[in-house]
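Here are the chains, one letter per residue:
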Amino acid sequence: LGRMKPVIVVHGGAGRIFREREEGCRAGVVRAALRGYALLKKGGTAVDAVEEAVRSMEDDPHFNAGCGSVLNEKGEVEMDAIIMDGKNLDSGAVSAVKCIANPIKLARLVMEKTKHMLLTDHGAHLFAQAMGIPEIPGEKLITERSRERWKKNLEPDSNPEEFQKDLGTVGAVAIDSEGNVACATSTGGLSNKMIGRVGDTACIGSGGYADNHSGATSTTGHGESIMKVVLARLILYHMEQGMSPEVAADTALDYMKTRVGGLGGVIVVSKAGEWAARFSTKQMSWATVKDDNLHYGIYAGEKHIKSVDEALASEREGF
C-alpha cells in the first residue's frame, strides 16, 4: 500500500473579519492546522486530527464556536457540531448544546458510543453527563464581544442581518497516511437566533461530509442557504464527476449564490490529497499543511507560505 502524505485544511469561518481581529484569526487557524498536522505526522488518524484542530478553535475566543460563540435571542450560547469518518461514513453530531467547552468532543462520542448520529439539546446534555464530560457555567463561554453584539442587535432599529455577515463556524478536513479522510465542523450559530434554531453545521451533507471514495469538506456561511443546497455533499458530487477540489468548491458556492442568494466558504481535501479553501464572502480565515509547508490567508487571493518548522518557531515566540 502506498503511504499517503497527510494533509489538513482548517477554516475559522467565512464572512467579514474586522481588522482588529485579523491577527488573532490568522494565528488561531494556523495553530489549529499545526496541531492537527502534528497528530497526522505521528501516524494519527484523520478523525483525531480534525477533532484536535476544531477543539483548538473552540477554545479560542476569536471564533464563533465553543468559547466566543454568539448568543441567541435570550442571550444564551447554543452550539452545534459534527464529525464524520470517510472510511465507513460514520458520523456524530450534536445540536443546541449548552454549558460544555467542546461540542466537537461530544459529537465524536455520539459517533463512537451510540448507534445514533445526532443528539440534541436535553438528550445531548444527558449523554454528556453519562460520558463524564464536565459541565461548565454558560457564562464561561460568553465573551464581552458576543454580549456587546447581542445587545446591539436587540436595539429596535438594529438589523441583525447586517451582523450575520461576520458569521463564522470553525472546521477542519484531513487525509491521513492510510488514505482515510474526515471532516469536523463546530459553531455557535447565528447571533440573536431563535431559541432552538439549528443551522447547517449539525446536518450531515450540509455542514460537512467525508467519504474515502471522493474526499472531505467542511462549510461555513449562511446556514439556511447551505442546507437548501446541501453544500458539502454537492461539492463532493462535483468531484465525483471529475472536477478538481477548487473548481468543485467554486461551482457549488456559485450555485448557492445564484440559486438562493447565499454566501459562504468551504475547505476541501480530495482522496488524492489535493486541497482547496474557497469562499464567496469577503473573507474566510483558513490554513493548510501539506508536505511540511503551511499555507494560510484571509482575503481572496491572499496566500502566505512558511515551512512548518518556521511556523512552529514563530508559534513558540507568539505570533
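Scroll up to find the structure.
Within any chain, residue numbers begin from 1 and follow the written order of that chain's sequence. Residue-level local features of this predicted model are given only where pLDDT is at least 70; pairs of side-chain atoms are given and counted only at 80 or more, and the full residue set underlies all totals for whole chains, interfaces and linings. Excluded from the side-chain calculation are hydrogens and water; included are all heavy atoms of the structure.

Trainee: How would you sum up the pairing of strand β11 (residues 283-290)? Please name residues and give values.
Mentor: In terms of burial, β11 is largely enclosed, as 7 of its 8 residues are buried. The sheet contact formed by strand β1 (residues 7-15) and β11 spans 7 bridges and is antiparallel. Each residue of the ladder has a partner; that of Gly-15, found in β11, is Gln-283. The criterion for strand pairing is that DSSP finds at least two bridges linking the strands in question. Strands here mean DSSP runs of E at least two residues long; helices mean DSSP runs of H or I at least four residues long; both are numbered from the N terminus. Two strands pair when backbone bridges link them, and β11 and strand β12 (residues 293-299) are joined in this way by 6 bridges, in the antiparallel orientation. If you follow Lys-290 over to β12, its bridge partner there is Asn-293. The turn linking β11 back onto β12 is made up of 2 residues, and Asp-291 within it adopts a positive phi angle of 55°. Each residue gets one of three labels from its accessible area relative to the maximum for its type: buried under 20%, exposed over 50%, partly exposed in between, using a 1.4 Å probe on protein chains only.

Trainee: Which residues make up the sheet that holds strand β6 (residues 181-187), and what are the values?
Mentor: The mixed open sheet is built from 9 strands, whose spatial order is β4-β3-β2-β6-β5-β1-β11-β12-β13. Single-partner strands in this sheet number two, and they are β4 (118-120) and β13 (304-307). Averaged over all pairs of adjacent strands, the angle between their axes in this sheet comes to 10°, without regard to strand direction. Inspection of the sheet shows β12 paired to β13 by 4 bridges, in the antiparallel sense. Paired with His-295 across the bridge in β13 is Ile-305. Whether two residues are in contact is decided by their heavy atoms: any pair within 4.5 Å suffices. Note on geometry: axes are C-alpha line fits, over the in-contact stretch for helices, and angles between N-to-C directions span 0 to 180 degrees. Across the sheet, helix α1 (residues 19-41) lies against β1, β5 (170-175), β11, β12 and β13, angled at about 25° from β11, the strand it touches most. Across the sheet, helix α2 (residues 46-58) touches β1, β2 (79-85), β5 and β6, and the angle it forms with β5 is around 160°.

Trainee: How would you explain the side chain of Ser-225 if you had to name every residue and give the values?
Mentor: Positionally, Ser-225 belongs in helix α7 (residues 223-229). Under the relative-accessibility criterion, Ser-225 is labelled buried at 5%. Two N or O atoms form a polar contact when they lie within 3.5 Å of each other; inside protein one atom must be a possible hydrogen donor and the other a possible acceptor, and for residues adjacent in sequence the pair counts only when both atoms belong to side chains. Here His-222 takes part through its side chain, which lies 2.7 Å from a polar atom of the side chain of Ser-225. Here Ser-225 is in contact with Met-256, Val-260 and Gly-262, once residues within four sequence places are set aside.

These values are about where atoms sit, not about what they do.
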